[in-house]
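Single-letter residue listing:
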Amino acid sequence: MQSDEAYAKLAMAHAFPLGEEIKIGGQYVPVLRDGPWLYVSGQIPRVGDQVQFVGAVGSGPDAVIDLAGARRAATLSTLRALTLAKSALGSLAAIRSVPRISVFVRSTPDFTQQSEVADGASEALYAVFGPRGVHTRTSVGVLQLPKGAAVEIDFVFGVE
Amino acid sequence: MQSDEAYAKLAMAHAFPLGEEIKIGGQYVPVLRDGPWLYVSGQIPRVGDQVQFVGAVGSGPDAVIDLAGARRAATLSTLRALTLAKSALGSLAAIRSVPRISVFVRSTPDFTQQSEVADGASEALYAVFGPRGVHTRTSVGVLQLPKGAAVEIDFVFGVE
Amino acid sequence: MQSDEAYAKLAMAHAFPLGEEIKIGGQYVPVLRDGPWLYVSGQIPRVGDQVQFVGAVGSGPDAVIDLAGARRAATLSTLRALTLAKSALGSLAAIRSVPRISVFVRSTPDFTQQSEVADGASEALYAVFGPRGVHTRTSVGVLQLPKGAAVEIDFVFGVE
């Protein structure tokens, strides 16, 4: 249950509501278990109904979100994924590995610190899981994201 | 065989040619089975040799494709993937799950309805597979796609 | 050991240093084995500390990298992935399949040959693995990449 406690602590530190509801039904789902894998759909930094970070990340006239904001957006996206995983599994203790995350950063044309943005997700996974939260990742800079979000991240977890 | 019939019906509704040939050989392949997983390469809305939807999705002077067109492009990309899967497996009845699809939408700078575009894929999967076609997905807006296509989607299927 | 020799030959042909060190530790890793899968984080065409191809791929005033350069960048990214896989597994002979690669090409707005860029990766995989290196792939054109790299590729390998 150590991971669940670390999750609760991280969520509180980011004013992220615990136990946010998992939307079930429809033609796609936010989280799906298939054998030893738990897939989480691309998560944006939404808290309740509000997307917290909307805009392009970078500097210059087109930029709305700076690096610090984007990292926090990556943390919130990760908190959403953890909330979904916990709802699906009962406890985050059931997660034994995090083989892959893909981090999409809505970027201004000159912004090249997508990896530094992704650190906001990597740090959150490490805070919750410790060494078993170490993962591979891919970070890219894209033109747009759903609802204009600054960051979108999808996850593959290994489960027991 | 229910899925095969639903596939045939969907293909006809979209004037999509049944039994389009699967290109084999070369250094990469459109479809590959590995253990219990069937991977499908990124599919664009090509019918025969023609890409049906070329251009950026959105509104404004740069946009060529509107939301309705983009959703139809997502459906055609999905039909291609189903055709490839059927060729590889003999029948779509062998597919037991759809853990992940990734939907890349060639977008104008202001277009943020990538999820709504992806619904064109999700609805097609549900029409063919019913509840076992429910999947996780990630939708992002990108600057360009191969051959200028409006949409590209890749798939991971679970097979028996 | 045939794959190891083919790898060494390809690396030498591209002046790629053999046995480049694998960075271990931190909150994410470049390579992670999970059951029968080996995941490799998104790789850019870095040799030592230098990213070899920085800039947008295409033609026109915004383009810095042409198709030939971008293909070579894709080959270098693949060599990095192979180096990481070899470090993790001891020998590339342990790789039995390559189910998926995702190829992100930093593109100018009008560049649509992302598939042709990806051929630089596909050819490298075939040169090293032969038929068991045949894979599925997805190629997209993105606005930016970490450190301004021209290409980023991630990999899923099947291992024995």
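The residue count restarts for each chain, going from 1 along the sequence in the order it is written. Each chain takes a letter, starting from A, and each ligand takes a number, starting from 1, following the order in which they are written. The predicted origin of the model limits local features to residues at a pLDDT of at least 70 and limits the giving and counting of side-chain atom pairs to 80 or more, whereas totals for whole chains, interfaces and linings rest on all residues. As a rule here, side-chain values come from all non-hydrogen atoms in the structure, and water together with hydrogens is ignored.

In the nomenclature of an unreviewed UniProt entry, chain A corresponds to RidA family protein from the organism Hylemonella gracilis.

*Asks:* When you look at unusual backbone geometry in this model, what are you seeing that I'm missing?
*Replies:* If a residue is not glycine, its phi is most likely negative; likewise, a peptide bond is most likely trans. Phi at Lys147(A) is positive, roughly 60°, even though this residue is not glycine. The helix and strand labels rest on DSSP assignments: H or I over at least four residues marks a helix, E over at least two residues marks a strand, and numbering proceeds from the N terminus. Topologically, Lys147(A) is positioned in the loop between strand S6 (136–142) and strand S7 (151–159). The phi dihedral of Ala15(C) is positive, around 55°, even though this residue is not glycine. Structurally, the position occupied by Ala15(C) is in the loop between helix H1 (2–13) and strand S1 (31–34).

*Asks:* Help me understand the relation of the copies chain B and chain A, please; the structure alone is not making it clear to me.
*Replies:* Note that the two copies of the chain are related through a rotation about an axis and a translation along the same axis. By a simple turn and slide, chain B fits onto chain A: the slide is 0.0 Å along the axis, the RMSD is 0.0 Å, and the turn is 120°. Taken together, these values place the two copies in the relation of a three-fold axis. When you check the interface residues of chain B against chain A, a mere 13% turn up at the interface there too, and the two sides of the contact use different surfaces. Alignment of the copies relies on least squares applied to C-alpha atoms, considering only residues that score at least 70 for pLDDT in both. The criterion used for residue contact is that any of the two residues' heavy atoms lie within 4.5 Å.

*Asks:* Just to check I follow, could you spell out the sheet that holds strand S2 (residues 37–43) of chain C for this structure?
*Replies:* Note on sheets: strands pair through backbone hydrogen bonds, and any given pair is parallel or antiparallel. Residues and elements named next belong to chain C. By this definition, two strands are paired if DSSP reports at least two bridges between them. Ordered in space as S1-S2-S7-S5-S6, the 5 strands form an open sheet in which the pairing is mixed. The outermost strands of the open sheet, each flanked by one partner alone, are S1 and strand S6 (136–142). Going from strand to strand, the sheet's axes swing by 15° on average, the running direction of each strand aside. Of the pairings in the sheet, the one linking strand S5 (residues 95–106) to strand S7 (residues 151–159) comprises 8 bridges and is antiparallel in character. Residue Ser97 lies in a different strand from S7, and its bridge partner there is Gly158. Taken strand by strand, helix H3 (residues 114–129) contacts S5, S6 and S7, and its axis lies near 145° from that of S6. Simply put, an axis is a line fit to the C-alpha atoms, just over the touching stretch for a helix, and the angle between two N-to-C directions goes from 0 to 180 degrees.

*Asks:* What exactly am I supposed to notice about the relation of the copies chain C and chain B here?
*Replies:* Mapping chain C onto chain B is achieved by rotating through 120° and translating by 0.0 Å along the same axis, at an RMSD of 0.0 Å. The share of interface residues of chain C whose copies in chain B are also at the interface is only 13%, consistent with the copies meeting through different surfaces.

*Asks:* Any chance you could explain the interface of chain B and chain A here in plain terms?
*Replies:* Much of the literature gives interface size as the accessible area that the parts lose upon coming together. Tallying the contact residues gives 30 residues for chain B and 25 residues for chain A. The quantity reported as buried area is the accessible area (1.4 Å probe) lost by two parts once they are put together, taken as the sum for both. When chain B packs against chain A, the two sides together hide about 2100 Å² of surface, and 58% of this comes from carbon and sulfur. Take a side-chain nitrogen of Lys or Arg and a carboxyl oxygen of Asp or Glu: if they are within 4 Å of each other, that pair is a salt bridge. Applying the counting criterion to the chain B and chain A interface returns 2 salt bridges. The shortest N-O distance in the salt bridge between Asp34(A) and Arg96(B) comes to 2.7 Å. Whenever two N or O atoms come within 3.5 Å, that pair is a polar contact, provided that in protein one can donate a hydrogen and the other can accept it, and provided that, for residues adjacent in sequence, both atoms are side-chain atoms. Our count for the contact surface shared by chain B and chain A stands at 14 residue pairs in polar contact (both at pLDDT 80 or more). For the side of chain B that touches chain A, the secondary-structure elements that each account for two or more residues are strand S5 (95–106), helix H3 (114–129) and strand S6 (136–142) of chain B. Top contributing element to the side of chain B that touches chain A by residue count: S6(B), with 7 residues. Gly falls in the polar group here, along with every residue not listed as nonpolar (Ala, Val, Leu, Ile, Met, Phe, Trp, Tyr, Cys, Pro) or charged (Asp, Glu, Lys, Arg). Across the side of chain B that touches chain A, the residue classes break down as 11 nonpolar, 13 polar and 6 charged.

*Asks:* Would you mind going over the interface of chain C and chain B with me for this structure?
*Replies:* Facing 30 residues of chain C, the contacting portion of chain B comprises 25 residues. Together chain C and chain B conceal approximately 2100 Å² of surface at their shared face, both sides included; 58% is due to carbon and sulfur atoms. Between the two partners, chain C and chain B, sit 2 salt bridges. Among the salt bridges present, the one from Asp154(B) reaches Arg100(C), with a minimum N-O distance of 3.9 Å. Counting across the chain C and chain B interface gives 14 residue pairs in polar contact (both at pLDDT 80 or more). In terms of residue count, the dominant contributor to the side of chain C that touches chain B is S6(C) (7 residues). Tallied by class, the residues present in the side of chain C that touches chain B amount to 11 nonpolar, 13 polar and 6 charged.

*Asks:* Got a minute to help me understand the sheet that holds strand S2 (residues 37–43) of chain A in this structure?
*Replies:* Residue and element names in this part refer to chain A. Within the open sheet, the 5 strands sit side by side as S1-S2-S7-S5-S6. Their pairing is mixed. At either end of the open sheet lies a strand with only one pairing partner, and these are strand S1 (31–34) and S6. Pairwise comparison of adjacent strand axes, ignoring direction, gives a mean angle of 15° for this sheet. Relative to S7, S2 runs antiparallel, the two sharing 5 bridges. Bridging from a neighbouring strand, Leu38 pairs with Phe157 of S7. Sitting on the sheet, helix H2 (residues 67–89) is in contact with S1, S2, strand S5 (95–106) and S7, with an inclination near 35° to S7. Along the sheet, helix H3 (residues 114–129) contacts S5, S6 and S7; its crossing angle with S6, the most-contacted strand, is approximately 145°.

*Asks:* Looking at this structure, I do not really get the pattern of salt bridges. What am I missing?
*Replies:* Residue and element names in this part refer to chain B. Per the stated rule, a full pass over the model turns up 15 salt bridges over all chains. A salt bridge links Asp119 to Arg71, with the shortest nitrogen-to-oxygen separation between them at 3.9 Å. Residue Asp119 is found in helix H3, and its partner Arg71 is found in helix H2 (residues 67–89); the two are separated by 48 residues along the sequence. Relative accessibility under 20% of the residue-type maximum defines a buried residue, over 50% an exposed one, and the middle range a partly exposed one, all with a 1.4 Å probe and only protein chains included. The class of Asp119 is buried, set by a relative accessible area of 19%.

*Asks:* I would appreciate a short explanation of the pairing of S7(A) in the present structure.
*Replies:* Along any regular strand the residues' side chains alternate between the sheet's two faces. Burial runs high along S7(A): 9 of the 9 residues are buried. Here S7(A) shows two buried faces, one formed by Val151(A), Ile153(A), Phe155(A), Phe157(A) and Val159(A) and the other by Glu152(A), Asp154(A), Val156(A) and Gly158(A).

*Asks:* Even after reading the chapter, I still don't get H3(A), so can you show me in this structure?
*Replies:* Residues three or four positions apart in an α-helix share a direction because the helix packs 3.6 residues into each turn. Residue and element names in this part refer to chain A. In a regular helix each residue adds 1.5 Å, so 16 residues correspond to 22 Å; H3 covers 23 Å between its end C-alpha atoms and thus fits that length. The angle between axes fitted to the seven residues ending at a residue and the seven residues starting there is what we call the bend at that residue. Maximum bend of H3: about 25°, positioned at Gly120. Buried residues of H3: Gln114, Val117, Ala118, Gly120, Ala121, Ser122, Ala124, Leu125, Val128 and Phe129, and no others. Buried residues in H3 make contact with helix H1 (2–13), H2, S5, S6 and S7. One less than the number of residues in a helix, times 1.5 Å, gives the span that helix is expected to have.

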